Amino acid sequence: MSLWEYANPRRFMALTAKVQPWCWAVAVLLCAVGLGWGVLATPEDFRMGHSVKIIYVHVPTAFIAINAWFMMLVTSLIWLIRRHHVSALAARAAAPVGLVMTAIALATGAIWGKPMWGTYWAWDPRLTSFLILFLFYLGYVALWQAIENPDAAADLTSILCLVGSVFAVISRYAAQFWNQGLHQGASLSLDAEENISDVFWIPLVITLAGFVFLFVALVLMRTRTEIRRRRLHAITLRERTA
Amino acid sequence: MEWGVSDLACRRGEALVLRGVSFRVPDGRAVAIRGPNGVGKTTLLRTLAGLAAPVAGSIDAPDEAFAYGAHADALKDQLTVAENLSFWAAIFGTGADAVSRAVQAFGLAPLLRRRAADLSAGQRRRTGLARMMLTGRPIWLLDEPTVSLDAENVARFADAVRAHLAEGGSAAIATHIDLGLDADPLNLGAFAAAAPTRADDPFAEAIE
Amino acid sequence: MIALVARDLRLAIRAGGGFGLGLGFFLIFVTLTALGVGPTEAVLAPLAPGALWLGALLACLLSLDRIFALDREDGSLDALLTAPLPPEAVAVSKALAHWITTGLPLTVAAPVLAPLLFLPPSALPWLIAALAVGTPALSAIGTFGAALTVGLRRGSLLLSLIVLPMYVPTLVFGADCVRRAAQGLDPTLPLVLTAALTLGAIALLPFATAAALRVNLR
């Protein structure tokens, strides 16, 4: 029995019915611990003060925003190559989650930006890349909604996801090329661990794991909804044609 | 050339309309596809033409063997009849003599310099049908070819098809009227699809 | 392929406005930019590279939704996709015809309109070069977007939403090339990057365009 058998809607529904509550439980637990610890139990940063605590929302949402698109790319490829319906529906289910995560990452970034740089918005390459990613999500979601035939919609959005991924990556480098200056250094980013002391780091990792589970739970829930919608659609289609 | 399909299932939009379609057409024969509106005549022709993938079954002829004449005539209003025809001849790689034969067969000579926008519905139809001859392909798929043709031009069309068959070609014609052609009837009503099964659509399991 | 390009060009001329509309739009855009931000050279000159590129980009966008929609309505697209021509060749021909009717005239017209925005004369050759090298990418990307949305009734708004984010890199590099030239810096790097984008788009996007066309005609 191979992994692909779970691409059968019925098996997927049966499996996820069991897995989903656990995902939610772990997500809520980790988020509660991570956010509680991070917001209430960490000291104030000597440079940033209280405002540093927004990283417990900002960093995980940004992380999910990028990786949700990556997941959509993988599921789109699986749909195009192996024609597993659940895969296409999972991509469709993940897109609005990614869209909202990108929006939250942008909003928290702006809120954090005010005390840090004295402005809500700067055309920093990283922010610009996220704004462009947001636009790609918008186009992708809009295309799904515009096409009535579900299989054609799955095909076309998968092609868009593939091509869009390439352009999103190029846009990221274009944004860096476009505005190399006025960056406040790596203190914002995850890869500069030396800038973040362990006190902040551990709760951040817990929150990050919590958001990953939250994302998985949300995508599972939305995929299940999409499968039910397709089943309902199959029934109404028959009512109409019978 | 002889061709046929076996156990073909076709989809229109999302709905499965035909299942188990099988027939063979020998050299120089035409098949008249019949059935009430909505039975899937256009769907079958589009599937044969390669514009839609069959849900199941196989077509025993290469895609390049088919020439598809749809409801729409594929004419550009701003171009003259001659320009329209020579464009399609260029696309299908047939030469100027194919154009002159097609013009001859459908009596288009007086219309050659007229813009397609100024043609009547019947004249458009004739130009659209002449396009079939420009493809140089052995199997013509024609969807209601005689719509808006008068009696004289229906006869012209039947002559053109007969000449095509005499050259060893073949045709599948969806039509409601009798063209006076010696065509094998194929009643699509016999192949109407019941509800889709799980093999066609994994979400149809909800129906079972 | 040549026959298809020739037909599309002939249609653009006969139908009127194939060449003219985009250019007219470009002129209006430049005029409105000046009216919107003020008449002085101090304000307009720094804006000129970006504004000229933006105008060209939007003018390109205008005619995208017609690339496949008209052929679909009259049945030509069905006939083209059953023809010996592979769909990839249809995609390339359509993009080429679109570029000749929009990108090329815009490139030629840009140096005439550039003085209206006080672009320094030294930057003019670079403006022409950047547009000549960059606008084919706009046509190729736009053709892909048009193929994705060809079956949709209200496709044009969606088309902009899909295509414009993909125009970002070309706009960034193309406008930066002209800006550097205007400031007296070396503009070759962004020009080369623009060219690289165009080559990549022309080489790869026709396959995606053809795949989308096949899905949409099903």
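Model, not experiment: these values are computed from the prediction.

(A) Examining the pattern of salt bridges more closely. Counted according to the given criterion, the structure contains 23 salt bridges over all chains. Among the salt bridges present, the one from R24 of chain B reaches D60 of chain B, with a minimum N-O distance of 2.8 Å. Taken together, the residues span a long stretch of sequence, with R24 of chain B in strand β2 (residues 15-25) and D60 of chain B in strand β4 (residues 56-60) at a distance of 36 residues. Between D71 of chain C and K94 of chain C there is a salt bridge, with the nearest N and O atoms lying 2.5 Å from each other. Note that D71 of chain C is positioned in helix α4 (residues 66-73) and K94 of chain C in helix α6 (residues 87-113), a separation of 23 residues in sequence. Looking at D71 of chain C, the relative accessible area reads 2%, which means it is buried. Overlapping salt bridges, with partners in common, bring together K76 of chain B together with R7, D8, D71, D74 and K94 of chain C in one network.

(B) Up close: the UniProt feature "transmembrane region" (unreviewed entry) in chain A. As annotated in UniProt, the feature "transmembrane region" (unreviewed entry) corresponds to residues 21-42, 54-81, 93-112, 127-147, 159-179 and 199-221 of chain A in the numbering used here. Here residues 199-221 of chain A runs as 100% helix and 0% strand, with 34 Å between its end C-alpha atoms.

(C) Here's a closer look at the UniProt feature "transmembrane region" (unreviewed entry) in chain C. All names here are of chain C. Feature annotation in UniProt places "transmembrane region" (unreviewed entry) on residues 12-37, 43-64, 96-118, 124-150, 157-175 and 187-213, given in this structure's numbering. Between the end C-alpha atoms of residues 96-118 there is a gap of 31 Å, over a span that is 78% helix and 0% strand. Secondary structure content for residues 124-150 is 93% helix and 0% strand, and the end C-alpha separation is 37 Å.

(D) Main features of the interface of chain C and chain A. Opposite the 29 residues of chain C that make contact, chain A presents 24 residues. Roughly 2,100 Å² is buried in total at the junction of chain C and chain A, and carbon and sulfur atoms are behind 84% of that figure. When the buried area of chain C at its contact with chain A is split by residue, L148, P165 and M166 of chain C rank highest and sum to 21% of it. Inspection of the chain C/chain A interface yields 0 salt bridges. Scanning the region where chain C abuts chain A turns up 0 residue pairs in polar contact (both at pLDDT 80 or more). Listed by contribution, the elements that provide at least two residues to the side of chain C that touches chain A are α7 (124-148), α8 (155-182) and α9 (188-217) of chain C. Among the elements that line the side of chain C that touches chain A, the one with the most residues is α8 of chain C, at 12 residues.

(E) Quick look at a nonpolar patch on the surface. Residues and elements named next belong to chain A. Together, L29, V33, W37 and I202 make up an exposed nonpolar region whose accessible area comes to about 360 Å². A total of 3 residues in the nonpolar patch trace back to one element, the largest contributor, which is helix α1 (residues 9-40). Turning to its location among the elements, V33 is positioned in helix α1. In this structure V33 comes out as partly exposed when scored by relative accessible area, which is 40%.

(F) Just the sheet that holds strand β7 (residues 170-174) of chain B, in detail. All names here are of chain B. The 5 strands lie next to each other as β5-β6-β7-β3-β8, forming an open sheet whose pairing is parallel. The sheet terminates laterally at β5 (66-69) and β8 (184-187), the two strands that pair on one side only. In this sheet, adjacent strand axes meet at a mean angle of 20° when their direction is disregarded. As judged from the 5 bridges shared by strand β6 (residues 139-143) and β7, these two strands associate in the parallel manner. Its bridge partner lying in β7, L141 is registered against A172. Packing against the sheet, helix α4 (residues 121-135) makes contact with β5 and β6, and its axis sits at approximately 160° to β6.

(G) Layout of the packing of aromatic side chains. Residues and elements named next belong to chain A. By the definition in use, this model includes 11 aromatic pairs over all chains. With centroids separated by 6.3 Å and ring planes inclined at 65°, the aromatic side chains of W69 and F136 adopt a geometry described as edge-to-face. Pair noted here: W69 is in helix α2 (residues 55-82) and F136 is in helix α4 (residues 125-146), with a separation of 67 residues, a long-range link. Using a relative accessible area of 6% as the deciding quantity, one classes W69 as buried. A connected cluster of aromatic rings, assembled from ring pairs, spans W69, F136, Y137 and Y140. Stacked on the ring of Y173, the Lys or Arg R172 has its end atom at 5.4 Å from the ring centre.

Rules behind the numbers
- Residues numbered from 1 in each chain as written.
- Chains lettered and ligands numbered in written order.
- Predicted model: local features only at pLDDT ≥ 70, side-chain atom pairs only at ≥ 80, totals over all residues.
- Heavy atoms only, no water.
- Salt bridge = Lys/Arg side-chain N within 4 Å of Asp/Glu carboxyl O.
- Helix = DSSP H or I, 4+ residues; strand = E, 2+ residues; numbered from the N terminus.
- Buried < 20%, exposed > 50% of the residue type's maximum accessible area, 1.4 Å probe, protein only.
- UniProt positions renumbered as here; feature names shortened; annotations may be inferred.
- Contact = heavy atoms within 4.5 Å.
- Buried area = accessible area lost by both parts, 1.4 Å probe.
- Polar contact = N/O pair within 3.5 Å; in protein donor to acceptor, adjacent residues only side chain to side chain.
- Patch = residues over 30% accessible without salt bridge, like charges linked within 9 Å, V, L, I, M, F, W, Y side chains within 5 Å.
- Areas by Shrake-Rupley, 256 points an atom, 1.4 Å probe, with all protein chains shown as cover.
- Pairing = 2+ DSSP bridges.
- Axes fitted to C-alpha atoms, helices over the stretch in contact; angles between N-to-C directions.
- Phe/Tyr/Trp six-rings, centres within 6.5 Å; stacked < 30°, edge-to-face > 60°.
- Lys NZ or Arg CZ within 6 Å of the ring centre and 35° of its normal.

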